[in-house]
Amino acid sequence: MKKFLALLLCLAMVFTFAACGGNGGSNEGGSDEPTEVTFDDIDDNCESADGTYQIAMVTDVGQLKDGSFNQFTWNGVKMYAYQNEKTYKYYQPANGSSATDDDRIKAMTDACEAGAEVIVTPGFLQATALETVAPQYPDVQFIFIDGWDMKLDNVLGVSYQEEQAGYLAGYAAVMEGYTKLGFSGGGGGSNPACIRYGYGYAQGANAAAEEKGEDITMRYSWEYGSSFSASDDLQAMLAGWFNAGTEVIFMCGGTMFNSGAAAAEAADAAIIGVDVDQSNQSDTVVTSACKGLAQSVQVSLGNFYDNGKPIGGALVLGAADDAVGLPVDTWSLQNWTVDEYNALFEKIKSGEIEIDNNSEMADPSQAGLEHITFEN
C-alpha cells in the first residue's frame, strides 16, 4: 500500500461501463470498444431490485454535491461500484449541517440494515457514530475518510498529509507574486484536516517569502465556517478582505468555496481551491490544494473486495504516495513554472523538506513564521 499506485492525485479519471445504469460495455454504434465514462456520467442513484445495497456512503456535513469533499468521496464510491457491478447508495444524516451523532448513527445503522458490506464515512465528525455502530456490525467494513486508527478490526482510517498540499499552495501563491494572502477555513478551527491545510499554507508562504527576501501579510480566519457552507456573512467578510487589499484567499471548507468565488469575482481577485481541482467551478481559481479522495476510496474498496478480510488499521497518504499536490494541467499561475513545482514536490516527497503537521495549530500567528505579518 505504501506506493499507492499512480492513480492518485487530482486526475479526471475515465473508466468503462460495467454495472448499475451502464450499458454492459458496448456503445451506441454497436462497436465492441468499451464506452468511456466519467464520474459525472454515473447516476447517484443505483436502484436495487431487492432494496439492499452492497456499498454505502454516509455523507459528512454540507451537501452531497459540494464540489469538494463529499462529492469526490462519493465519486470514488460510485465509480468503484459501477466498475465492479456492485449496488450502491448514499445516506445523508438528518438535520443537514446541524446533524448530530445520533443522526449519523441512524444513517449508518440504516445502511447496515440495508445489506451494506462496506460503508464509507467521510469526515472526522463520524468518529463517535463509528465507535457505536461498527462493533454492532462486525461483518460490515467501514472506511473512515479523514480518519485515524480506531483500533477496530472493521474500520480503516484513511488520512492525508494536507499540510503538504497546503504548503505547495502557499509557496505557489507567493512565488506567483502575491504578497497579501488570506485563509478562510471550515470547521471552526476544530477540523484536523483543515488545520493542517491552513498551517501548511502559512508555512509554504513563509518559505517562499524567505526565498524571495520579502515579507508578506496574511488574514487568517475560521469565522463563518463551522458548517462548511456558503453564507452571506462569509461572503461579506471575504469581500471586505479583498477591498482591504487581500489578493488571494485559500478557501478551505466545502461549499464555503462559493462565497469565496463570489467575493473574488466582484473584486477581480483570486482564490485557491481545496481537496480537488476546483478550476472548473470559477475563473477566479488560480490553483487548488488537492488530495486523492476518489482514487483512495476506490483503492481501499478494491483492497477489501480483493482480499475478502477485515480492513482495520490506518492509512496515511501524502506526497510520497503521489496522493497530494497541485493540479498543474489546469492552474493559471504565470510566474511559477511546472518544472519549479516538480522540483519542490520532489523535495517534499523525499523528505528533504519537512513540514510541521501539527493538527492543533489553528492559529499560525503563534508559530513564529518570521516573514508573515498576520492581520485581522
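Just so we're clear, the structure is a prediction, and the values are computed from it rather than from any experiment.

**Some details on the sheet that holds strand β14 (residues 324-325)**
Spatial ordering of the open sheet is given by β14-β12-β11-β10-β8-β9-β15, a layout of seven strands whose pairing is mixed. Edge strands, defined here as strands with exactly one partner in the open sheet, are β14 and β15 (372-375). Sheet topology places strand β8 (residues 180-185) next to strand β10 (residues 248-252); five bridges connect them, and they run parallel. Residue pairing for β10: G182 is matched across the bridge by I249. On top of the sheet, helix α4 (residues 162-176) reaches β8, β9 (216-221), β10, β11 (270-275), β12 (285-291) and β14; it is set at about 160° to β12, its chief contact. The strands touched by helix α7 (residues 256-267) within the sheet are β8, β10, β11 and β12, with β11 carrying the most contacts at an inclination of about 165°.

**A short note on unusual backbone geometry**
For residues besides glycine, phi is generally negative; the peptide bonds are generally trans as well. Here D146, not a glycine, exhibits a phi torsion of approximately 65°, which is positive. Looking at the element boundaries, D146 is found in the loop between β6 (141-145) and β7 (155-160). Residue D146 is classed as buried on the basis of its relative accessible area of 11%. Of note, D322 is a non-glycine position whose phi angle comes to about 55°, a positive value. Inspection of the secondary structure puts D322 in the loop between β13 (313-317) and β14. Exposure remark for D322: the relative accessible area of 28% places this residue in the partly exposed category.

**Considerations on the confidence of the model for the chain**
Put simply, the chain has an average pLDDT of 90, and 91% of its residues get 70 or more. Here residues 1-19 is modelled with pLDDT under 50, and outside its nearest four sequence neighbours on either side it reaches 68 contacts, counting other chains as well. The low-confidence segment residues 21-35 (pLDDT under 50) makes 19 contacts with residues lying over four places distant or belonging to another chain.

Conventions and cut-offs
- Residues numbered from 1 in each chain as written.
- Predicted model: local features only at pLDDT ≥ 70, side-chain atom pairs only at ≥ 80, totals over all residues.
- Heavy atoms only, no water.
- Pairing = 2+ DSSP bridges.
- Helix = DSSP H or I, 4+ residues; strand = E, 2+ residues; numbered from the N terminus.
- Contact = heavy atoms within 4.5 Å.
- Axes fitted to C-alpha atoms, helices over the stretch in contact; angles between N-to-C directions.
- Buried < 20%, exposed > 50% of the residue type's maximum accessible area, 1.4 Å probe, protein only.
- pLDDT = per-residue confidence, 0-100.

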